[in-house]
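Inside the fold
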Amino acid sequence: MNFRNLAILFILSTSLSNAQMFEIGGFVGGSNYIGDVGSSRYINPNSLAVGGVFKWNVSERYAYRASLTASQLKASDKDADTQGRFNRNLDFSNQIYEGALGMEYNFWEFDLGPFSRSVTPYIYGGGAILWYQDIYYTSISDDTAVRDGKKITFAIPMALGVKAKINTRFVIGAEVGVRYTFTDNLDGSYPSDANKIRLGNVLSDDWYVFSGITLTYTFGKESCYSCF
């Protein structure tokens, strides 16, 4: 490699490192479940969701993101908008913990320095590991699902949001994120034990939604034009 190529590589790597800034903070909002029990509304937060989030802004458009979120998913057929579910009258609650990794894409350039655009919409996607309770119904007449140990599965998180700089150190955001899971038993309708009662649509896995606010503190090197 000649001197010119080395110089170009050095300039590019220096520019990238100067643009790197990090964010750490929290998420608070609500969760709701979408599946075989309860309401079929897609965005209907009915339980508290809290968590932590870390971001590595590799450019003005992209950021790697890691998060941990906890919530108690719950639903009741009493809130259903179909007569069949309402008459069935089942309900459940399921404590979940999610660890997710993914990438945010900003629709507009969003640098954390003081001279850049202060707000942008964004999308987020990635992969997640989900810890949950394996629950089941002892009979259709016993309307509340009972716990039967813990399980781990995968989920695909997808979110749409908007974020804005409060000042040079804090960023606030609001987002709605859906999760497609690789289980059909967040609600107790398809327990892992085939001898237990199974009901609902066995060909469709469960979903859940996080809706809420993030607040992050930024640190690390600012981009070079913000240093003057």
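Scope of this entry: the structure provided in the associated data block. Not measured: the values here are computed from a predicted model.

Tallied over the full model, the rule gives three cavities of 30 Å³ or more. One number sums up the size of the largest cavity: a volume of about 80 Å³. Residue lining of the largest cavity: F27, G52, V53, R65, S67, L68, T69, E175, R179, F210 and T214, and that is the complete set. Ranked by residue count, the leading element in the lining of the largest cavity is strand β3 (residues 62-76), at four residues. Counted by class, the lining of the largest cavity contains four nonpolar, four polar and three charged residues.

The next subject is the packing of aromatic side chains. Summed over all chains, the structure comprises 12 aromatic pairs. Of the aromatic side chains, those joined through ring pairs into one cluster are F22, F54, W56, Y64 and F219. Here the guanidinium or amino end of K55 rests over the ring plane of Y122, the centre of that ring lying 5.6 Å away.

Now for the sheet that holds strand β5 (residues 119-136). With antiparallel pairing, eight strands are arranged side by side around a closed barrel as β1-β2-β3-β4-β5-β6-β7-β8. The average angle at which neighbouring strand axes cross in this sheet is 25 degrees, direction not considered. Sheet topology places strand β6 (residues 146-165) next to strand β7 (residues 170-181); 11 bridges connect them, and they run antiparallel. Counted as the bridge partner of A159 is G177 from β7.

Here we come to the pattern of salt bridges. One pass over the full model with this rule turns up eight salt bridges. In this structure, E98 and R179 form a salt bridge, with 2.8 Å as the shortest nitrogen-oxygen distance. With E98 in strand β4 (residues 91-106) and R179 in strand β7, the pair connects residues that are 81 residues apart, well separated along the chain. Pair check on accessibility: E98 and R179 agree, each one buried. D148 is the salt-bridge partner of K196, the closest N and O atoms lying 3.8 Å from each other. In this pair, K196 sits in the loop between β7 and β8 (207-219) while D148 sits in strand β6, placing the two residues 48 residues apart along the sequence. Residue classification places D148 among the partly exposed positions, given a relative accessible area of 37%. Taken together, the shared-partner salt bridges connect K55, R65, E104, K163 and E175 into one network.

The subject of this paragraph is the environment of K151. Among the structural elements, K151 can be located in strand β6. For K151, a relative accessible area of 33% puts it in the partly exposed group. Sequence separation between K151 and Y132 is 19 residues; the distance between their C-alpha atoms is 5.4 Å. Contacts of K151, omitting those with residues within four sequence positions, involve L130, W131, Y132, D134 and S192.

Below, the discussion takes up the side chain of D206. Mapped onto the secondary structure, D206 falls in the loop between β7 and β8. Here D206 occupies a buried position and makes no salt bridge, while the nearest side chain of opposite charge, R85, is found at 8.4 Å. For D206, the contacting residues outside a window of four places in its chain are Y33, I34, G35, R179, Y180, T181, T183, D184, N185, L186 and D187.

Our focus in this paragraph is unusual backbone geometry. For residues other than glycine, phi is negative in most cases, and the peptide bonds are mostly trans. Residues other than glycine seldom take positive phi values, yet N89 does so here, at roughly 65 degrees. Among the secondary structure elements, N89 is positioned in the loop between α2 (83-88) and β4.

Glancing now at the pairing of β6. Of the pairings in the sheet, the one linking β5 to β6 comprises 15 bridges and is antiparallel in character. Bridge assignment links Q133 to a residue of β6, and that residue is K150. Here β6 folds back onto β7 in antiparallel fashion, the turn holding four residues.

What counts, and where the lines are drawn
- Residues numbered from 1 in each chain as written.
- Predicted model: local features only at pLDDT ≥ 70, side-chain atom pairs only at ≥ 80, totals over all residues.
- Heavy atoms only, no water.
- 1 Å grid on protein atoms, 1.4 Å probe; cavity = no way out; pocket = protein on both sides within 12 Å on 5 of 7 lines; lining within 4 Å.
- Points joined across faces, edges and corners; volume = space filled by probe spheres on them.
- Helix = DSSP H or I, 4+ residues; strand = E, 2+ residues; numbered from the N terminus.
- Nonpolar A, V, L, I, M, F, W, Y, C, P; charged D, E, K, R; others polar.
- Phe/Tyr/Trp six-rings, centres within 6.5 Å; stacked < 30°, edge-to-face > 60°.
- Lys NZ or Arg CZ within 6 Å of the ring centre and 35° of its normal.
- Pairing = 2+ DSSP bridges.
- Axes fitted to C-alpha atoms, helices over the stretch in contact; angles between N-to-C directions.
- Salt bridge = Lys/Arg side-chain N within 4 Å of Asp/Glu carboxyl O.
- Buried < 20%, exposed > 50% of the residue type's maximum accessible area, 1.4 Å probe, protein only.
- Contact = heavy atoms within 4.5 Å.
- Lys, Arg positive; Asp, Glu negative; His and termini not counted.

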